[in-house]
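In case you want the letters, here they are:
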Amino acid sequence: CSVPVSFLFSGNNCAVVPKIGLCADFSSVKFLLDGYRLAAFPTMNQLYWKGAGAAGNGNLGKEEGWGAEFSCSMPACFIPFTASLYTDYYEKSIHWGYKDGVWTPLNLKSAFYLGCDVSAEKSFAGVFVVSGSFEYLYNRLLDKSDTATYGKMIMWTPDIVASCSAQLFLKYFHFIIEGIYTGKRYEDNTNYYALDPYFIVNAAADFTAWNHITPYICSNNLFDKAYESVPGYPMPGISVTCGVKAKW
């Protein structure tokens, strides 16, 4: 059992963030249950950002709430994995929104999150390693005074994020390929428009030719997928980088 307490400071503001955790660690399985206070202060960008079509909000207050998590780890099974279930509830949650013709950060009345994630990794003879992760997040706005957004998903927050990778480790050669999936995200808190999910693949390889010299090559968005993380701002297509690392 542990009861850590953190103190957050930002200018003249202070927040006390307690946490309590219970852990049961057996030979083949580990359980963890914890509950915690949430607090976060606005960032400099959220307060003072100036740009075309966007502006900071100097009247932002801190966001605060409560959360809890339960996780289970089994490092000794055939495929070692960790699974967890978590929930967070925020008051005055800070999110960017569209107001008076500009994008600006706002304190929302309340927001609820409920998520689960699973991650696993398996090594074969110390040469080939396969890993993967999956996270599903249910989130809703709970401000009953705003009928347009009550019960809707928080903008730009994907419902599913998943990844998988395979790595090859040889004496002088290392190769990795990974795929990343990002699910549906809404463009605003009314959930009227949504961005399409996307899946991209990245790969990299390096070769230790000498003791101190390592040539490498990597490629992002290997299949040149067209996608957007933020509406109106297309992300880069395929890119290839190569070079040499040296260390002594």
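Residues numbered from 1 in each chain as written. Predicted model: local features only at pLDDT ≥ 70, side-chain atom pairs only at ≥ 80, totals over all residues. Heavy atoms only, no water.

### Some details on the packing of aromatic side chains
In this structure the tally under the stated criterion is 6 aromatic pairs. Summarising the aromatic geometry, the rings of F31 and F70 are spaced 6.2 Å apart at their centres and angled 15° between planes, so their arrangement reads as stacked. With a gap of 39 residues between them, F31 in strand β3 (residues 30-40) and F70 in strand β6 (residues 63-74) connect regions that are remote in the sequence. Of the residues examined, F31 reaches a relative accessible area of 30% and is grouped as partly exposed. On the basis of an interplanar angle of 35° and a centroid distance of 5.6 Å, the ring pair of W103 and W156 is categorised as tilted. Separated by 53 residues along the polypeptide, W103 in strand β8 (residues 102-124) and W156 in the loop between β9 (128-141) and β10 (160-169) bring together distant segments of the chain. Classification of W103 as partly exposed rests on a relative accessible area of 26%. Between K122 and the ring centre of F78, over which it is positioned, the NZ or CZ distance is 4.1 Å. Over the ring of F124 we find K122, and its NZ or CZ is 6.0 Å from the ring centre. (Phe/Tyr/Trp six-rings, centres within 6.5 Å; stacked < 30°, edge-to-face > 60°. Helix = DSSP H or I, 4+ residues; strand = E, 2+ residues; numbered from the N terminus. Buried < 20%, exposed > 50% of the residue type's maximum accessible area, 1.4 Å probe, protein only. Lys NZ or Arg CZ within 6 Å of the ring centre and 35° of its normal.)

### Looking at unusual backbone geometry
For N191, which is not glycine, the phi torsion reads 60° and is therefore positive. Inspection of the secondary structure puts N191 in the loop between β12 (185-186) and β13 (194-195). Residue N191 is classed as buried on the basis of its relative accessible area of 17%. Its identity as a non-glycine residue notwithstanding, D224 has a phi of 55°, on the positive side. The topology assignment puts D224 in the loop between β15 (213-220) and β16 (228-230). According to the relative accessible area criterion, D224 is partly exposed, its value standing at 47%.

### Observations regarding the environment of Y193
Structurally, Y193 is set in the loop between β12 and β13. A residue is classified by how much of its surface remains accessible, and Y193, at 49% relative accessible area, is partly exposed. With 38 residues separating them along the chain, Y193 and M155 place their C-alpha atoms 9.7 Å apart. When neighbours within four sequence positions are excluded, Y193 is seen to be in contact with Y186, E187 and D188. (Contact = heavy atoms within 4.5 Å.)

### Some remarks on the pairing of strand β18 (residues 239-246)
Counted residue by residue, β18 has 0 buried out of 8 residues, so it is predominantly exposed. Examined bridge by bridge, β15 and β18 share 8 bridges and lie antiparallel to one another. When the sheet's bridge partners are listed, N220 is paired in β18 with S239. (Pairing = 2+ DSSP bridges.)

### Notes on the pattern of salt bridges
What the rule picks out here adds up to 3 salt bridges. Residue R37 is joined to E64 by a salt bridge in which the shortest nitrogen-to-oxygen separation is 3.0 Å. Taken together, the residues R37 in strand β3 and E64 in strand β6 connect sequence positions 27 residues apart. Overall, the relative accessible area of 21% leaves R37 in the partly exposed class. The exposure class of E64 is partly exposed, given its relative accessible area of 21%. Among the ionic pairs, E64 bridges to K62, the shortest N-O distance being 3.9 Å. By relative accessible area, which is 28% here, K62 ends up partly exposed. (Salt bridge = Lys/Arg side-chain N within 4 Å of Asp/Glu carboxyl O.)

### What about the nonpolar core?
Grouped together as the largest cluster of nonpolar side chains are 10 residues: Y36, L38, Y86, Y90, L108, A111, Y113, L137, L141 and I154. Of all the elements in the fold, those that place two or more residues in this core are β3, β7 (81-99), β8 and β9. Here this core gets 3 residues from one element, more than from any other, and that element is β8. Other than its neighbours up to four places away in sequence, Y113 contacts Y86, T87, D88, Y90, S93, H95, L137, Y138, N139 and I154. (Core = buried A, V, L, I, M, F, W, Y, C linked by side-chain atoms within 4.5 Å.)

### Considerations on the side chain of H174
Relative to the helices and strands, H174 is located in strand β11 (residues 173-182). At 2.9 Å, the side chain of H174 and the side chain of Q167 are in polar contact. Setting aside anything within four residues of it in sequence, one finds H174 in contact with Q167, L168, F169, A204, A205 and D206. (Polar contact = N/O pair within 3.5 Å; in protein donor to acceptor, adjacent residues only side chain to side chain.)

### Thoughts on the layout of surface pockets
In this structure, the largest pocket spans a volume of roughly 290 Å³. Along the wall of the largest pocket there are 15 residues; nearest its centre are L106, L108, D146, T149 and N189. Elements with a minimum of two residues in the lining of the largest pocket: β7 and β8. Ranked by residues supplied to the lining of the largest pocket, first place goes to β8 with 5 residues. Grouping the constituent residues of the lining of the largest pocket by class yields 5 nonpolar, 6 polar and 4 charged. Roughly 250 Å³ of volume is contained in the second largest pocket. (1 Å grid on protein atoms, 1.4 Å probe; cavity = no way out; pocket = protein on both sides within 12 Å on 5 of 7 lines; lining within 4 Å. Points joined across faces, edges and corners; volume = space filled by probe spheres on them. Nonpolar A, V, L, I, M, F, W, Y, C, P; charged D, E, K, R; others polar.)

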